[in-house]
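Given next are the chains, with one letter for each unit.
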Protein chains: 2
Amino acid sequence: MSKKLRIVPLGGLGEIGKNMTVIEFEEHILIVDAGLMFPENDMLGIDLIIPDYQYLLDKRERVKAVLITHGHEDHVGALPHLMKEINAPIYATPLTMGLIEIKLKEAGLAGKVSMKTFQAGDALAIGPFLVEPFHVAHSIPDCVGFGITTPVGLVVHTGDYKFDHTPVDGWAPDFAKLAEFSARGVLCLLADSTNAERPGWTPSEAVITQAFDDLFKRAEGRIIVASFASLISRIQQVANAAAKYNRKLAITGRSMRENTKMARRLGYLDIPDGMLIDIEQVNKYPANQVAVMATGSQGEPTSVMGRLAHGRHRNLRIQPGDTVVLSAHTIPGNEEFVSRIINRLMQQGADVVYEHIAQVHVSGHASREEMKLMINLVRPRFFVPIHGELRHLVQHGKIAQEMGIAADHIAVVENGTILELTEDKLTVGERLPGGYVFVSGESVGDIDIPVMRDREKLAENGFFMVAVSLDEKGKVRKRPRIITRGFANLEKEQAEGLLEGAEEVVTRTLSIYQAGSEVLETRIEEALSRYLYTETGRRPLIYVIVQ
Amino acid sequence: MSKKLRIVPLGGLGEIGKNMTVIEFEEHILIVDAGLMFPENDMLGIDLIIPDYQYLLDKRERVKAVLITHGHEDHVGALPHLMKEINAPIYATPLTMGLIEIKLKEAGLAGKVSMKTFQAGDALAIGPFLVEPFHVAHSIPDCVGFGITTPVGLVVHTGDYKFDHTPVDGWAPDFAKLAEFSARGVLCLLADSTNAERPGWTPSEAVITQAFDDLFKRAEGRIIVASFASLISRIQQVANAAAKYNRKLAITGRSMRENTKMARRLGYLDIPDGMLIDIEQVNKYPANQVAVMATGSQGEPTSVMGRLAHGRHRNLRIQPGDTVVLSAHTIPGNEEFVSRIINRLMQQGADVVYEHIAQVHVSGHASREEMKLMINLVRPRFFVPIHGELRHLVQHGKIAQEMGIAADHIAVVENGTILELTEDKLTVGERLPGGYVFVSGESVGDIDIPVMRDREKLAENGFFMVAVSLDEKGKVRKRPRIITRGFANLEKEQAEGLLEGAEEVVTRTLSIYQAGSEVLETRIEEALSRYLYTETGRRPLIYVIVQ
């Protein structure tokens, strides 16, 4: 029997293999990335989503390493959860490890996890695997993909990548290594599909440098730039523009400040000491001598930009003449939040610059022409598109077919699907149950679909609750207590008489049924439901307690 | 004192003057459009939003006419509400009136409203106004803008428009009329700002004809096209392609079917009788001889496409080989729904075609170069950008400035702002309170912000309710009843002991306080809140009833 390699893309939501991929040979498992996803708009009250790694827990002692491609949330955010379950070292480049350390420290795991720092270009022998991280360009420095030599053959995992010839840190992708893999013969390529619907070639980060230069040259007032806390390259670009045009720079938002400190310490950010000021000092400088970097580019109401837009920031207030730059892509689902922020900032007189009207952000992911180059550089026998929704994987699969890879050598699958590879065959196996785990508050896993459905119903029409107290003879002791929330404002003219009507329905139903009747509560609920629907066209959740 | 004209853009949500604009001279009021908006994702349980026309109700007898530009929901959808309050005729072109009649009939207002049909090019004397509807191109036939000669001057309202030289119905925009207005001298231009962030010129509807021709030529299985029910032009394009490639056409979705019937009757849709089949008949034809048009291009779960994607449609089931075309723009906020539908359809083996990967939809609104043409054709003294969020109005205002209109001749304002125009001055007046009205179920106006906040809280963490029954001596008669929804699945391992713990907290608190104490319920609520937060990190709404 020929040797078998298993590849399993795991959880996250919608996107496949984005947050975690398992590579398994006999009793040896490698995990690539451990990220989290943010919930969709109709996942009410959910803070985070982590991959469902039940599959791993059954064989946790086989895990040899957790390999991390780069330091973004969707690739490292689940580590605080995963590392409570798995006893294996984390492998990452210095900057990525710096970001992970901050994260583990917050989770009280500092010092409890083995951390092995590597450099792109190293070769790591881990169990039966030889892991060769290679440098790729993305929107954060120190990113890698992995060449993993397994007993079945060489697997290449691109991580998130783009072929940027002029990245901010000047470190171009390692084309030579990819060509070398190709020369050795690649069994399987796992490649980033995020932009598979996007024709052409993603613009270089260098175009942003130009856009910021223009903005800084022109702006007469303060400049406030919003981006992601982990977008270290963007912080560098803003710092460079600020330096050139003699502005001080304040960095605000706890996570962005911590990341800046760490990246400067490790040498990934080059900002002169005298240039950084505290956010409290901003008002002491003339408007044309300060720049601010902040979090909140997704319009989150509690972020720095959210508070600024709503006039609720402690130290900063938008004033006419301010230029506000949203230097980030709006994540699908956040469009409404971002639009509100833009409108609010404009209301207060700011000149707002965002991705539709200036090139203040470019994607960190390869477009279709780059995907073709990746496939032709690597020349894999088998191809598994990852990092994208099914729609993106389907398009990426079509590209691979156009490049000459046979349809049965391509696996477009969903999370939890077990892929089995031999030297000459790719088999799509069963799909594991589950998919992802909701995190709400401090609880992990006690929220499930039925609880979510109840939240949806409550959000839809609220609830209407009646408590009736009967004496021993089954007579009503006093007026029923009614508590209702999210249903209607009962003080409004339109709702007049609703409360009295409901009381009457309760009393009338009580008079029909025997006290102590088992169906009494249900009957009152039904009667109330009919009454409220007739009056309002709505169906709140109804509960009746008779005691 | 010089004569004064008032212009007031009204409600809707986010977008300004989109759904309704009031034009007022002394005791005479014209209303332009009466549309509705769909709620944003965090407006829980809200079905629709209509403009807050309180301003009009105070002077409803002054309203002389409700002028309608075209038959889309966001321009006619509030008529069933408005026409219960206002006693004035509706003016519209034949197709638009056909769509309005269907709407009023559903609302039980058929025959109760005066309806005056006009043709583009007519001149209507209404009170002191001369109203001259002129033809514009958009994504539905029979659209107009209005030239309104008032005692103060000529006001031009573009409606929704694009300068499409090759629209589906062959009826190009009326450039001559705009030039004529310009020759007469235009006091004020109110113009569509939707695409003010979009450079260039919006492609013609004709490009879609080509895209459909390619699709129909290539497809070997069934073709299913999703679009808006009121996109009459798109129905024509699909029918044309179906005719050319010898496919029968089934139209499904009640509103789309009704609109098709009406538009054929009025001569706005040209579909041969033998070509249309019922959806039940689709399975009787070979796959390559049928096409289906359906609603649900926004991914609404209960729409035809939603049911198809989830395998819940009564007559139709997606099969490998089907081509599904989403021929519509995804409205901001619906991205997640649409993406889910695309992924689901692909899961079932359909080839899914949508706006990112083929030109199966073009915008119905003018882009920046068209906006410049409109301004230069009309050459207004004053300019008021409408139809767009503040961000779009700001960009449209900048375009007008670039075209030489002075900043103080441009009013970028929000809904409810009263603009006053004399022959030589534009004054931005006070802003009316209010803005829009929520519609939920059959109720209008009894849902307000506090009710929405409760729904948010319920959606966030659910509720936890305890009913305790005491006897006359203040002793607990039996175990407290606990009802909780949307909080946690109490049967899950992670929630073990939570119910017992909560009961204990209740009993303990009862033992501390006197029965009959006024603060008893509050104290139990506080104790429960602390307990549940400690255990889960979440704060459900908590209610305690002691009887």
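Residues numbered from 1 in each chain as written. Chains lettered and ligands numbered in written order. Predicted model: local features only at pLDDT ≥ 70, side-chain atom pairs only at ≥ 80, totals over all residues. Heavy atoms only, no water.

Asker: Explain the interface of chain B and chain A residue by residue, including any values.
Answerer: Many structure descriptions define interface size as the accessible area lost when the parts assemble. Listed per partner, the contact involves 73 residues of chain B and 74 residues of chain A. Summing both sides of the interface, chain B and chain A together bury roughly 6600 Å²; the carbon and sulfur share of this comes to 47%. Taken together, the links from chain B to chain A amount to four salt bridges. Between R481 of chain A and E521 of chain B there is a salt bridge, with its nearest N and O atoms 3.0 Å apart. Across the chain B-chain A interface, the total number found is 26 residue pairs in polar contact (both at pLDDT 80 or more). Broken down by element, the residue count for the side of chain B that touches chain A peaks at nine residues, all from helix α10 (residues 335-347) of chain B. Of the residues assigned to the side of chain B that touches chain A, the class counts are 27 nonpolar, 21 polar and 25 charged. (Contact = heavy atoms within 4.5 Å. Buried area = accessible area lost by both parts, 1.4 Å probe. Salt bridge = Lys/Arg side-chain N within 4 Å of Asp/Glu carboxyl O. Polar contact = N/O pair within 3.5 Å; in protein donor to acceptor, adjacent residues only side chain to side chain. Helix = DSSP H or I, 4+ residues; strand = E, 2+ residues; numbered from the N terminus. Nonpolar A, V, L, I, M, F, W, Y, C, P; charged D, E, K, R; others polar.)

Asker: How would you sum up the sheet that holds strand β21 (residues 426-431) of chain A? Please name residues and give values.
Answerer: Residue and element names in this part refer to chain A. Taken together, the eight strands give an open sheet; going across it, the order is β7-β6-β5-β3-β2-β1-β20-β21, and neighbouring strands pair in mixed fashion. If you trace the sheet from one side to the other, it starts and ends with β7 (115-117) and β21, each paired once. Strand-to-strand twist in this sheet, taken as the mean axis angle between neighbours without regard to direction, amounts to 20°. Pairing of strand β1 (residues 5-10) with strand β20 (residues 417-421), which is carried by three bridges, proceeds in the antiparallel orientation. Its bridge partner lying in β20, L5 is registered against L421. The strands that helix α4 (residues 94-106) touches are β6 (90-92) and β7; relative to β6, the one it contacts most, it runs at about 140°. (Pairing = 2+ DSSP bridges. Axes fitted to C-alpha atoms, helices over the stretch in contact; angles between N-to-C directions.)

Asker: Give me the lowdown on the relation of the copies chain B and chain A, citing residues and values where you can.
Answerer: When chain B is fitted to chain A, the residual RMSD is 0.2 Å, and the transformation amounts to a turn of 180° plus an axial shift of 0.2 Å. The symmetry that links the two subunits is that of a two-fold axis. Ranked by how close their C-alpha atoms come to the rotation axis, the residues of chain B are headed by A459 of chain B, at 2.5 Å. Mapped onto chain A, 100% of the interface residues of chain B again fall at the interface, so both copies present the same surface. (Least-squares fit on C-alpha atoms with pLDDT ≥ 70 in both.)

Asker: Describe the sheet that holds strand β14 (residues 248-251) of chain B, naming the residues involved and giving the relevant values.
Answerer: All names here are of chain B. Pairing within the open sheet is parallel, and its six strands lie in the order β15-β14-β16-β13-β17-β18. The outermost strands of the open sheet, each flanked by one partner alone, are β15 (276-277) and β18 (351-353). For strand β13 (residues 223-226) and strand β16 (residues 290-294), the ladder comprises four bridges, and the chain directions are parallel. Within the sheet, the bridge partner assigned to I224 lies in β16 and is V292.

Asker: Just give me the short version of helix α15 (residues 520-536) of chain A, but keep the residues and values in it.
Answerer: Residue and element names in this part refer to chain A. Relative to the 24 Å expected for 17 residues at 1.5 Å per residue, α15 spans 24 Å between its end C-alpha atoms, a close match to the ideal helical length. Residues of α15 that are buried: L520, E521, I524, A527, L528, Y531, L532 and T536. Projected onto a plane normal to the axis of α15, the buried residues spread over an arc of 135° and lie on a single side. Exposed residues lying more than 90 degrees from the buried face of α15 are R530 and T534. In the stretch just after α15, G537 is the one whose phi turns positive, near 75°. (Expected span 1.5 Å × (residues − 1). Buried < 20%, exposed > 50% of the residue type's maximum accessible area, 1.4 Å probe, protein only. Arc of directions from axis to C-beta.)

Asker: Please provide a residue-by-residue account of the pattern of salt bridges, values included.
Answerer: Within the structure shown, the criterion is met by 56 salt bridges over all chains. Between K103 of chain B and E73 of chain B there is a salt bridge, with the nearest N and O atoms lying 2.5 Å from each other. Of this pair, K103 of chain B sits in helix α4 (residues 94-106) while E73 of chain B sits in helix α2 (residues 73-76), and the two are 30 residues apart along the sequence. Judged by relative accessible area, K103 of chain B falls into the buried class, the value being 18%. With a relative accessible area of 30%, E73 of chain B lands in the partly exposed category. A network of salt bridges, in which partner residues are shared, links E132, K177, E180 and R184 of chain A.

Asker: Describe the domain arrangement of chain A, and please don't skip the residues or the numbers.
Answerer: Segmenting chain A into domains produces domain 1 (5-200 + 363-444), domain 2 (206-353) and domain 3 (449-546). For domain 1 of chain A versus domain 3 of chain A, the separation of C-alpha centres amounts to 52 Å. (Domains from an automatic or database assignment.)

Asker: Which residues make up unusual backbone geometry, and what values do they have?
Answerer: Positive phi outside glycine occurs at D33 of chain A, with the angle close to 70°. By secondary structure assignment, the location of D33 of chain A is in the loop between β3 (28-32) and β4 (48-51). We classify D33 of chain A as buried; its relative accessible area is 1%. For E26 of chain B, which is not glycine, the phi dihedral falls at a positive 45°.

Asker: Please set out the packing of aromatic side chains residue by residue, giving values where relevant.
Answerer: Residue and element names in this part refer to chain A. Under the defined criterion, the tally for this structure stands at 17 aromatic pairs over all chains. With 5.8 Å between their ring centres and 85° between their planes, F464 and F487 make a pair best called edge-to-face. Linking F464 in strand β24 (residues 463-468) with F487 in the loop between β25 (481-485) and α14 (498-512), this pair joins segments that are 23 residues apart in sequence. Both residues of the pair, F464 and F487, belong to the buried class. Through a chain of ring-to-ring contacts, the aromatic side chains of Y161, F163, F175 and W201 assemble into a single cluster. Between R539 and the ring centre of Y533, over which it is positioned, the NZ or CZ distance is 3.9 Å. (Phe/Tyr/Trp six-rings, centres within 6.5 Å; stacked < 30°, edge-to-face > 60°. Lys NZ or Arg CZ within 6 Å of the ring centre and 35° of its normal.)

Asker: How would you explain the packing of helix α10 (residues 335-347) of chain A against helix α12 (residues 390-402) of chain B if you had to name every residue and give the values?
Answerer: At a minimum axis separation of 8 Å, α10 of chain A and α12 of chain B run at an interaxial angle of 55°. Classed by the angle they form, the pair α10 of chain A and α12 of chain B counts as oblique. On α12 of chain B, the residues touching S339, I342, N343, M346 and Q347 of chain A of α10 of chain A are L390, R391, V394 and Q395 of chain B. Split into classes, the residues belonging to the contact of α10 of chain A with α12 of chain B amount to four nonpolar, four polar and one charged. (Parallel < 35°, antiparallel > 145°, perpendicular 65-115°, else oblique.)

Asker: Tell me about the pairing of strand β16 (residues 290-294) of chain A, and name the residues and values.
Answerer: All names here are of chain A. Within β16, five of the five residues are buried, leaving the element largely enclosed by the surrounding structure. Of the two faces of β16, the one holding V290, V292 and A294 and the one holding A291 and M293 are both buried throughout. Where strand β14 (residues 248-251) and β16 come together, four bridges link them in parallel fashion. Residue pairing in the sheet places I251 in a bridge with M293 of β16.

Asker: Outline the side chain of D142 of chain A, supporting the account with residue identities and numerical values.
Answerer: All names here are of chain A. With respect to the helices, strands and loops of the structure, D142 is situated in the loop between β9 (129-136) and β10 (143-149). Within the buried core, D142 has no salt-bridge partner, and the shortest N-O distance to an opposite charge, that of R265, equals 12 Å. In terms of polar contacts, D142 uses its side chain to reach the backbone amide nitrogen of L95, at 3.1 Å. Contact partners of D142, with chain neighbours within four places excluded, come to T69, T93, P94, L95, T96, H135, D169, W171 and Y268. (Lys, Arg positive; Asp, Glu negative; His and termini not counted.)

Asker: If you had to explain helix α13 (residues 449-461) of chain B to someone new, which residues and values would you point to?
Answerer: In this model α13 of chain B runs 19 Å from its N-terminal to its C-terminal C-alpha over 13 residues, within 8% of the 18 Å that 1.5 Å per residue would give. Inspection of α13 of chain B places V451, M452, D454, R455, L458, A459 and N461 of chain B among the buried residues, and these make up the whole buried set.

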